Amino acid sequence: MSTLLGSLRRLALSPSLTDVSFAARGFPVTPTDATRALEAIPQAVVCGFEWGIDFRRQADLTRRLDMVDAELRGFAYEGATMALTVRDAMAAGRGQRTRRLLTGPGRPHTFLTYIGIGFAMARLPRPLWRGVLPDLTGEPYYPTMSWLAVDGYGFDRAYFDTDVVVNRQRRLDPYPWRGRADYFPRAVDQGVGRALWFIHGGVPDAVGAAVRRFATDRHADLWSGVGLAATFAGGCDETGLKALREDSGTHWPHLAQGAVFAAKARDFSGFVAEHTRSALHVLAELTVPAASALADDVSLSTTSSDEPDYESWRRQVRAHLDRK
């Protein structure tokens, strides 16, 4: 059941479905069936956010989330996690809503729910960031993959502040996430790369051109984000994916690593879209079971003193792909 306070939060904080449309954002996208499918993704996030910000009982929330089509369900959970993170932050440390969702019905969507935390970070003052990541000790991929929250923050800023973050390529201020302010900009750029896929409607040459407008030291992480988005979200046929791989050039291992991560996330959720299989085959020359096994087999414990464990994981995946 919704509450008056929940309804007020929803009205104050939730963007409308129109607000997240490509036309409303001013993205250079020609409407097609493929771009409309991409556009449904941020709309699913908004629906999840509206349900999460408004409802009192988790059971009411998850009933709605689980009614969403399997292709988009993870994105709805992403939006709900964003809402619960905001609500927990407003509860001044007393909230446990996010943890209950992530250790319960949201567990299959772990990778996307981390991104939802990042979406909340984009709407919260930085002093509140210290408490946004719930303790998920005992859950898989915690805390290593919590860097996806920073990725989500970068995606959100690129999607909603495109002129500054994308057109002018402004670097966002660092933050000591997990004590590593030095790595924060790199994780942000991985999210910016994902956003470029949406901003340019999954058109490979436009996406590649957008990557190249950034400083060269940012290209590798941007390409990784592109590979993740192209594989998880779809929006491009096999011919376009081959062109995307060719365009990535020496950054192909980064593009392919993003594809592997996307395949792992889809596999962990229990639903693998056909476009994910196709993109993974073209971009990384792997099947979904092989990519998922690779993601789990590389050691997460072998971390050099100058490298976060998340980057160690990413580097080992790239090294394996580069040896193929």
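Since the structure is predicted, the reported quantities are computational estimates derived from the model, not experimental observations.

Helix and strand counts for the protein chain stand at 17 helices and 0 strands. When the 324 residues of the protein chain are sorted by exposure, 57% land in the buried category. Across the protein chain, every contact between residues at least 6 apart in sequence was considered, and the portion connecting residues at least 24 apart equals 74%. Placing the 39 positive and 37 negative side-chain charges of the protein chain at their respective mean positions leaves the two points 6 Å apart.

Tracing the chain through its elements places Gln-58 in helix 4 (residues 58-65). The sequence separation of Gln-58 and Ala-243 amounts to 185 residues, and the corresponding C-alpha distance is 44 Å. Each residue touching Gln-58, except ones within four places of it in the same chain, is listed here: Arg-97, Arg-100, Leu-101 and Pro-105. Looking at Gln-58, its side chain comes within polar contact range of the main-chain nitrogen of Leu-101, at 3.3 Å.

Let's shift gears to the packing of aromatic side chains. Across all of its chains, the model carries 21 aromatic pairs by this definition. Taken together, a centroid distance of 6.3 Å and an interplanar angle of 10° make the contact between Tyr-310 and Trp-313 stacked. Taken as a pair, Tyr-310 and Trp-313 lie in helix 17 (residues 309-323) at a separation of 3 residues, close to a single helical turn. Note on accessibility: Tyr-310 and Trp-313 belong to one class, buried. In this structure an aromatic cluster arises from ring pairing among Phe-111, Tyr-141, Trp-147, Tyr-183, Phe-261, Phe-268, Tyr-310 and Trp-313. It is Arg-123 that lies over the ring of Phe-160; its NZ or CZ is 5.3 Å from the centre.

Moving on to the pattern of salt bridges. Summed over the entire model, instances satisfying the criterion amount to 25 salt bridges. Between Arg-63 and Asp-60 there is a salt bridge, and its shortest N-O distance comes to 3.4 Å. Separated by 3 residues within a single helix, Arg-63 and Asp-60 lie in helix 4, roughly one turn from each other. Of the charged contacts in the structure, one is a salt bridge between Arg-97 and Asp-88, with a shortest N-O distance of 3.4 Å. Relative accessible area serves as the criterion here: at 28%, Arg-97 is assigned to the partly exposed category. Here the residues in one salt-bridge network are Arg-186, Asp-221, Glu-311, Arg-314 and Arg-318, joined through shared partners.

Once that is clear, we can look at empty space enclosed by the protein. Applying the stated criterion to the full structure yields 5 cavities of 30 Å³ or more. What the largest cavity holds in volume is close to 350 Å³. Around the largest cavity, the lining is made up of 28 residues, and of these Val-45, Glu-78, Phe-119, Phe-155 and Arg-194 lie nearest the centre. Taken together, the elements giving at least two residues each to the lining of the largest cavity come down to helix 3 (33-54), helix 5 (70-90), helix 7 (110-121), helix 8 (147-160), helix 10 (184-199), helix 12 (219-232) and helix 14 (252-269). For the lining of the largest cavity, the per-class residue count stands at 24 nonpolar, no polar and 4 charged.

Quick look at the side chain of Thr-110 now. Summarising the element assignment, Thr-110 is placed in helix 7. Taking relative accessible area as the criterion, Thr-110 reaches 8% and is therefore assigned buried. With near-sequence residues (within four places) excluded, Thr-110 lies in contact with Pro-140 and Phe-268.

Here we take up the layout of surface pockets. Empty space within the second largest pocket amounts to approximately 150 Å³. Lining of the second largest pocket is provided by 17 residues; of these, Ala-70, Gly-74, His-109, Ser-269 and Phe-271 occupy positions nearest its centre. If you list the elements that add at least two residues to the lining of the second largest pocket, you get helix 5, helix 7 and helix 14. Considering each element in turn, the lining of the second largest pocket owes the most residues, 6 residues, to helix 5.

Glancing now at unusual backbone geometry. Of note, the bond from Tyr-142 into Pro-143 is cis; its omega dihedral lies within 30 degrees of zero at 0°. Within the secondary structure, Pro-143 sits in the loop between helix 7 and helix 8. At Arg-178, a residue that is not glycine, the phi angle is positive and equals roughly 50°. Residue position: Arg-178 is located in the loop between helix 9 (162-167) and helix 10. For Arg-178, a relative accessible area of 37% corresponds to the partly exposed category. At Glu-285, a position not held by glycine, the phi torsion is positive, near 55°. Within the secondary structure, Glu-285 is located in the loop between helix 15 (274-284) and helix 16 (288-297).

Criteria and thresholds
Residues numbered from 1 in each chain as written. Predicted model: local features only at pLDDT ≥ 70, side-chain atom pairs only at ≥ 80, totals over all residues. Heavy atoms only, no water. Helix = DSSP H or I, 4+ residues; strand = E, 2+ residues; numbered from the N terminus. Buried < 20%, exposed > 50% of the residue type's maximum accessible area, 1.4 Å probe, protein only. Contact = heavy atoms within 4.5 Å. Lys, Arg positive; Asp, Glu negative; His and termini not counted. Charge placed at Lys NZ, Arg CZ, Asp CG, Glu CD. Polar contact = N/O pair within 3.5 Å; in protein donor to acceptor, adjacent residues only side chain to side chain. Phe/Tyr/Trp six-rings, centres within 6.5 Å; stacked < 30°, edge-to-face > 60°. Lys NZ or Arg CZ within 6 Å of the ring centre and 35° of its normal. Salt bridge = Lys/Arg side-chain N within 4 Å of Asp/Glu carboxyl O. 1 Å grid on protein atoms, 1.4 Å probe; cavity = no way out; pocket = protein on both sides within 12 Å on 5 of 7 lines; lining within 4 Å. Points joined across faces, edges and corners; volume = space filled by probe spheres on them. Nonpolar A, V, L, I, M, F, W, Y, C, P; charged D, E, K, R; others polar.

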